[in-house]
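# Per-entry structural report
Listed here are the chains, written in short residue letters.
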Amino acid sequence: MQILGLRFGFRNIKTGVSVFLCILISFLLQRETYVVTCITAIFTIRDDHVNTVRYGKHRIMGNTFGAIASMICIFIFKTFGQSKPVQLVAIPLVIMLIIALLAHFDYHEGTVGACATLLTILFMIPSYDSYHYAFNRVIDSIIGMFIAIAVNRILPTPETCEKALADAPSAEID
C-alpha cells in the first residue's frame, strides 16, 4: 500500500498494530511504562511467523539473562563496593559471561538486548528499585513478544493474500 508516495508493507502495518496493542494492554494492565513492551514487539516482528517466534524467544532470553546478570553485578557491588576498579573488572566479565551463555544456548540474537538490560538496570535505575525493574522488564518483554507473535499470526502476509487470490474462483465474462 502506498500513501503520499510512501510504501507501507505488511511488516510495517503489523508493527504499528503491535505497538498500538502494546500501549493499550499496558494501559489496561496499569503497567508502569510501555517502552519495553513496544520495543520488544518492534524487534520481534519478522517477515514470517516462524522467524517472529524464534526472534521473540531470543529477545526474552536476552532480557532474562541481562536481568539476572544485573543482579549478579549488584551482588558483586554490594560485596566488593561500587568503586571504579570493581566496575572496570566486574561489568566486562559479566557481559562476557552473558555473551558466552547466550551463544551456548543458541540465543545469539538476544545478546544486544541482554547487555542493554544489564547496563540499563545498573546505571539508569535506582539501586533500591533494580530488582523490581529487572522483573518488570522481563514481564514487559513477554507481553510484547506475545503481542507481536499474535499480530504476525493473525494478520495476513503477502503469501496468504496471494494464495487467497489464487484460490478464489475467477469470474467468467459471457
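Residues numbered from 1 in each chain as written. Predicted model: local features only at pLDDT ≥ 70, side-chain atom pairs only at ≥ 80, totals over all residues. Heavy atoms only, no water.

All right, on to the overall build of the protein then. Within the protein one finds seven helices and two strands. Along its sequence from the N terminus, the protein presents helices and strands in the succession β-β-α-α-α-α-α-α-α. A compact globule built from 174 residues would reach a C-alpha radius of gyration of about 16 Å, whereas the protein, at 21 Å, exceeds it by more than 25%. Within the protein, contacts between residues at least 6 apart in sequence are counted, and of these 69% link residues at least 24 apart. (Helix = DSSP H or I, 4+ residues; strand = E, 2+ residues; numbered from the N terminus. Rg over C-alpha atoms; globule rule 2.2 N^0.38 Å. Contact = heavy atoms within 4.5 Å.)

Moving on: unusual backbone geometry. Positive phi values are uncommon outside glycine, yet L4 reaches one of about 55°. In this fold, L4 is placed in the loop between β1 (2–3) and β2 (6–7).

All right, on to the nonpolar core then. Generally speaking, soluble globular proteins have nonpolar side chains that are buried together. Among the nonpolar cores identified, the biggest contains 24 residues, and C73, F77, V94, I98, L118 and L122 are the most heavily contacted of them. Those elements giving two or more residues to this core turn out to be α3 (49–80), α4 (84–104), α5 (111–124) and α6 (130–154). Among all residues touching L118, those that are not within four sequence positions of it are G66, A69, S70, C73, V94, I95 and I98. In this structure, C22, I45, I143 and I147 belong to the second largest nonpolar core, which totals eight residues. (Core = buried A, V, L, I, M, F, W, Y, C linked by side-chain atoms within 4.5 Å. Buried < 20%, exposed > 50% of the residue type's maximum accessible area, 1.4 Å probe, protein only.)

With that out of the way, let us pick up the side chain of N63. Its place among the elements puts N63 in helix α3. When its relative accessible area of 0% is taken as the criterion, N63 is described as buried. Of the polar contacts made by the side chain of N63, one reaches the side chain of S141; its length is 2.3 Å. Here N63 is in contact with T40, G113, T117, R137, V138 and S141, once residues within four sequence places are set aside. (Polar contact = N/O pair within 3.5 Å; in protein donor to acceptor, adjacent residues only side chain to side chain.)

Right, let's talk about helix α1 (residues 10–28) for a bit. Between its terminal C-alpha atoms α1 stretches 27 Å, which fits the 27 Å expected from 19 residues at 1.5 Å a residue. Listed as buried for α1 are K14, T15, S18, C22 and S26. Down the axis of α1, the buried set is contained in an arc of 100°. They therefore lie on one face. For α1, the exposed residues lying more than 90 degrees away from the buried face are F20, F27 and L28. At its buried positions, α1 is contacted by α2 (35–44) and α6. (Expected span 1.5 Å × (residues − 1). Arc of directions from axis to C-beta.)

Here we take up a nonpolar patch on the surface. A cluster of nonpolar side chains, I68, I72, L97, L101 and F105, forms an exposed patch at the surface whose accessible area comes to about 420 Å². Those elements that provide at least two residues to the nonpolar patch are α3 and α4. (Patch = residues over 30% accessible without salt bridge, like charges linked within 9 Å, V, L, I, M, F, W, Y side chains within 5 Å. Areas by Shrake-Rupley, 256 points an atom, 1.4 Å probe, with all protein chains shown as cover. Salt bridge = Lys/Arg side-chain N within 4 Å of Asp/Glu carboxyl O.)

Put simply, α4 and α5 touch, their axes get as near as 9 Å, and they point 150° apart. Taken together, α4 and α5 sit at an angle that is classed as roughly antiparallel. You can see that α4 and α5 cross each other, and the crossing is right-handed. Between α4 and α5, the residues in contact are Q87, I91, V94, I95, I98, I99 and L102 and T111, A114, C115, L118, L119, L122 and F123, respectively. In the contact of α4 with α5, the residues fall into twelve nonpolar, two polar and no charged. (Axes fitted to C-alpha atoms, helices over the stretch in contact; angles between N-to-C directions. Parallel < 35°, antiparallel > 145°, perpendicular 65-115°, else oblique. Left-handed = near helix turned anticlockwise from the far one by under 90°. Nonpolar A, V, L, I, M, F, W, Y, C, P; charged D, E, K, R; others polar.)

Aromatic rings considered in pairs are described by the distance between their centres and by the relative angle of their planes. Across all of its chains, the model carries two aromatic pairs by this definition. Relative to Y34, the ring of F27 lies with its centre 5.6 Å away and its plane at 85°, an arrangement referred to as edge-to-face. Y34 gets classed as partly exposed once you look at its relative accessible area, which sits at 33%. Taking NZ or CZ as reference, R46 lies 4.1 Å from the ring centre of Y55, over its face. (Phe/Tyr/Trp six-rings, centres within 6.5 Å; stacked < 30°, edge-to-face > 60°. Lys NZ or Arg CZ within 6 Å of the ring centre and 35° of its normal.)

Interpretation in functional terms is not warranted from these geometric data alone.
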